[in-house]
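Architecture and fold: a report
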Amino acid sequence: MDDEPLRHLPKVELHVHLEGSFDSDRIAELAEEAGEQLPGDPQSILRPRNLSELLERLDWWCGLVRAPEQAFRQAYDFAARLGADGVAYAEVIVNPSHWRGLRREALLEAVSAGFDQAARDGHCDAWLLVSLLRSQSAGEALEVVEALAAQPPSRLVGLSIDGNEAETGPTGKRFAPAFALAGALGLGRTAHAGESSGPEGIISALDDLGVRRIDHGVRCVEDPELMGRLATEGVALNVCLTSNVELLYGSIDRHPLAALVDGGLAVTINTDDPVTLGVTLTSEFALAQQVCRWGMRGAIAATDTAIRASFAPASRVSELRKRLSEFAAEARSERT
Ligand code: ADE
Ligand code: ZN
């Protein structure tokens, strides 16, 4: 299938980790600059077999970043890569707990500066979701949000949480105060749930963390009542097909995307850890088209859902929707 029309779709990405944007050359270069040995051959380092292995690798290669200039470059190149793939706007998860070689404030300032410069140069307009790790304590989580309140990085739009809920067990109550403070500060809120946790993780994200947007969320299909609630409340599920195949389902044939779409849920398409997984947003849209047999119209609808679920201000939402309708009108005129 020709992916070119999907590359031109002015896409919006809401679930993508900067930590998952390191390629083997960059890892080798950073390792050399840091004077560290690679723990294996570069290709196998980049192919984690499960979520815990992925999280360990993220710790390792993000920990090689020791200077703000390196973080700036990672952020800039990331936004340039998304721009070249036709991503107009992105909200990018950055979890400072993985970047142990840099102070948190220095990291977030450098990433914001990299995104600023990339936007000025006409690449993707990328914004920052600072993320907590499910294994952190309530005190650590609250301290992160208090620091964001005291000194907000210029590109900050929201708070996120990720990590491995299969290992930590339920943690919603532990993170409730941090998420409540983020809400009071007017920050957007999103949470990984329904990937390494089942439906109960999604319910906790809604009720304990107050989110109206879920990263993954695919395991809601195990609970029809929850699916109904998500559809009624218009909660967006930021789905990542290849990530779910690699870390959860083992095969695209077992992925529930079609059931989510048929159930009337607000589904968006995303990449999660694009370089680690070897995907782009265009290739994930192409895969979604195969799974759901939707044409360009389905891809446009998912993009509109993403724009409406974004934490962008109303004026930016209108601009993005206008650009999308212009693209849709052109796509229709090409079909007739
Ligand atoms: N951090 C990076 N990728 C992740 C994923 N798929 N699930 C949870 N935490 C993550
Ligand atoms: Zn993720």
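It should be emphasised that the depicted structure is a prediction, and the values quoted were computed from it without experimental measurement.

Conventions we followed
- Along each chain, residues carry numbers from 1 onward, in the same order as the chain's sequence is written.
- Written order decides the labels, with chains lettered from A and ligands numbered from 1.
- At least 70 in pLDDT is required for a residue's local features to be given in this predicted model, at least 80 for side-chain atom pairs to be given and counted, and no such filter applies to totals for whole chains, interfaces and linings, which use all residues.
- Note that the side-chain values use all heavy atoms of the structure and ignore hydrogens as well as water.
- Relative accessibility thresholds used throughout: buried, under 20% of the residue-type maximum; exposed, over 50%; partly exposed, between the two (1.4 Å probe, protein chains only).
- To qualify as a helix, a DSSP run of H or I must reach at least 4 residues; to qualify as a strand, a run of E must reach at least 2; elements of each kind are numbered from the N terminus.
- Following DSSP output, two strands are said to pair if at least two bridges run between them.
- When the strands point away from the viewer and the path from the first strand over the helix to the second turns clockwise, the crossover is right-handed.
- When at least one non-hydrogen atom of a residue lies within 4 Å of a molecule or strand, that residue is treated as near it.
- Whenever a nitrogen or oxygen atom comes within 3.5 Å of another N or O atom, the pair is scored as a polar contact, on the condition that within protein one atom can donate a hydrogen and the other can accept it, and that pairs from neighbouring residues in sequence are kept only if both atoms are in side chains.
- All accessible areas in this document rest on Shrake-Rupley with a 1.4 Å probe, and a residue is counted as covered only by the protein chains that are shown.
- Charged residues are taken to be Asp, Glu, Lys and Arg, nonpolar residues to be Ala, Val, Leu, Ile, Met, Phe, Trp, Tyr, Cys and Pro, and polar residues to be all remaining types, Gly included.
- Donor atoms (N, O, S) are those found within 2.8 Å of the metal centre, with the cutoff raised to 3.2 Å for Na, K and Ca; water is not part of the atom list, so apparent gaps in a site can occur.
- Here the metal geometry follows the donor angles, with tetrahedral for four donors whose angles all fall between 85 and 135 degrees, square planar for four and octahedral for six when opposite donors are more than 155 degrees apart and every other angle is between 65 and 115, and irregular for all the rest.
- Buried Ala, Val, Leu, Ile, Met, Phe, Trp, Tyr and Cys residues that are joined via side-chain atoms within 4.5 Å together make up what is termed a nonpolar core.
- We call two residues contacting when some pair of their heavy atoms lies within 4.5 Å.
- Each Phe, Tyr or Trp ring (for Trp, its six-membered ring) is paired with any other whose centre lies within 6.5 Å, and the angle between the two planes then decides the class: stacked below 30 degrees, edge-to-face above 60, tilted in between.
- Counted as over-ring charges are cases with an Arg CZ or a Lys NZ within 6 Å of the ring centre that also lie within 35 degrees of the ring normal.
- How far a helix is expected to stretch is found by multiplying one less than its residue total by 1.5 Å.
- The quantity called bend is, for any residue, the angle between two axes fitted respectively to the seven residues ending at it and the seven beginning at it.
- Between the N-to-C directions of two axes lies an angle of 0 to 180 degrees, each axis being a line fitted to C-alpha atoms and, for a helix, fitted only over the stretch in contact.
- Left-handed describes a crossing in which the near helix is turned anticlockwise from the far one by less than a right angle; the clockwise case is right-handed.

With respect to the pairing of strand 9 (residues 266-269)
Burial along strand 9 is two-sided: the face carrying Ala266 and Thr268 and the face carrying Val267 and Ile269 are both buried. Bridge analysis of strand 8 (residues 236-239) against strand 9 gives 4 bridges, and the strand direction is parallel. Within strand 9, the position partnered with Leu237 by the bridge is Val267.

Some details on the pairing of strand 7 (residues 213-216)
Relative to strand 7, strand 6 (residues 191-193) runs parallel, the two being bridged by 3 bridges. Looking at the pairing, Ala191 lines up with Ile214 of strand 7. Handedness of the crossover is the feature at issue here: the chain leaves strand 6, passes through helix 10 (residues 199-207), returns alongside strand 7, and the resulting connection is right-handed. In this structure, strand 7 lies alongside strand 8, joined through 3 bridges in parallel fashion. By the bridge assignment, Arg213 is partnered in strand 8 with Ala236.

A closer look at the site of ligand 1
Around ligand 1 sit 14 residues, and of these Asp162, Gly163, Glu195, Asp272 and Asp273 come closest. The contact in question runs from a nitrogen atom of ligand 1 to an N or O atom on the backbone of Gly163, over 3.1 Å. One of the side-chain N or O atoms of Asp272 is found 2.7 Å from a nitrogen atom in ligand 1. When the free accessible area of ligand 1 is taken as 260 Å², the share hidden by the protein chains comes to 100%. Breaking the shell around ligand 1 down by element, the ones donating at least two residues are helix 4 (51-62) and helix 12 (241-249). Broken down by element, the residue count for the shell around ligand 1 peaks at 4 residues, all from helix 4. Considered class by class, the residues forming the shell around ligand 1 number 5 nonpolar, 5 polar and 4 charged.

Here's the deal with the sheet that holds strand 5 (residues 188-189)
What links the strands of a sheet is backbone hydrogen bonding, and the strands pair in either a parallel or an antiparallel sense. Here we have 5 strands laid out as an open sheet, ordered 1-2-3-4-5, and parallel in their pairing. Sheet topology places strand 1 (11-17) and strand 5 at the edges, where each strand pairs with a single neighbour. By the bridge criterion, 6 bridges tie strand 2 (residues 87-94) to strand 3 (residues 125-133) in an arrangement that is parallel. From the neighbouring strand, Glu91 faces strand 3, where its bridge partner is Trp127.

Focus: the coordination of the zinc ion (ligand 2)
Listed as protein donors to the zinc ion (ligand 2) are His15 (NE2), His17 (NE2), His192 (NE2) and Asp272 (OD); their distances from the metal cover 2.0 to 2.1 Å. For the zinc ion (ligand 2), the 4 donor atoms are set out with angles of 82 to 168 degrees between them, so the coordination reads as irregular. Written as a sequence motif, the donor residues of the zinc ion (ligand 2) are H-x1-H-x174-H-x79-D. In this pair, His17 is assigned in strand 1 and Asp272 in the loop between strand 9 and helix 14 (274-277), connecting sequence segments 255 residues apart. With respect to class, His17 is no different from Asp272; both count as buried.

Quick notes on the nonpolar core
Core analysis: the biggest nonpolar cluster contains 104 residues, and Trp61, Leu132, Ile214, Cys220, Leu230, Leu260 and Ile269 have the highest contact counts within it. Leave out the neighbours within four places in its chain, and Trp61 touches Glu19, Phe22, Ile27, Ile45, Leu46 and Thr276.

Regarding the packing of aromatic side chains
According to the stated counting rule, one finds 4 aromatic pairs in the structure shown. With a centroid separation of 5.8 Å and an interplanar angle of 55 degrees, the aromatic rings of Phe22 and Trp99 are classed as tilted. With Phe22 in the loop between strand 1 and helix 2 (24-34) and Trp99 in the loop between strand 2 and helix 6 (104-120), this residue pair connects regions lying 77 residues apart in the sequence. The residue whose ring lies beneath Arg213 is Phe311, and the NZ or CZ to ring-centre distance is 3.9 Å.

Some details on helix 9 (residues 172-184)
Because each turn of an α-helix spans 3.6 residues, side chains separated by three or four positions in sequence point in the same direction. In this model, helix 9 (13 residues) spans 18 Å end to end at C-alpha, consistent with the 18 Å of a helix rising 1.5 Å per residue. The sharpest bend along helix 9 comes to roughly 30 degrees, located at Ala178. Each element contacted by the buried residues of helix 9 is listed here: strand 3, helix 7 (138-150), strand 4 (156-162), strand 5 and helix 10.

Considerations on the environment of Ala138
Topologically, Ala138 is positioned in helix 7. When its relative accessible area of 34% is taken as the criterion, Ala138 is described as partly exposed.

Digging into the packing of helix 10 against helix 11 (residues 224-233)
Angle between the axes and distance between the axes: these two values describe a pair of packed helices. Closest axis-to-axis distance for the helix 10/helix 11 pair is 10 Å, and the angle between their directions is 35 degrees. Of the two elements, helix 10 crosses helix 11, and the hand of that crossing is left-handed. Where helix 10 abuts helix 11, its residues Pro199, Ile202, Ile203, Leu206 and Asp207 lie against Leu226, Arg229 and Leu230. Considered class by class, the residues forming the contact of helix 10 with helix 11 number 6 nonpolar, no polar and 2 charged.

Here we look at the sheet that holds strand 6
Ordered in space as 6-7-8-9, the 4 strands form an open sheet in which the pairing is parallel. Looking along the sheet, the strands with just one partner apiece sit at the ends: strand 6 and strand 9. This sheet shows a mean twist of 35 degrees between the axes of neighbouring strands, independent of strand direction.

Structural measurements only, silent on function.
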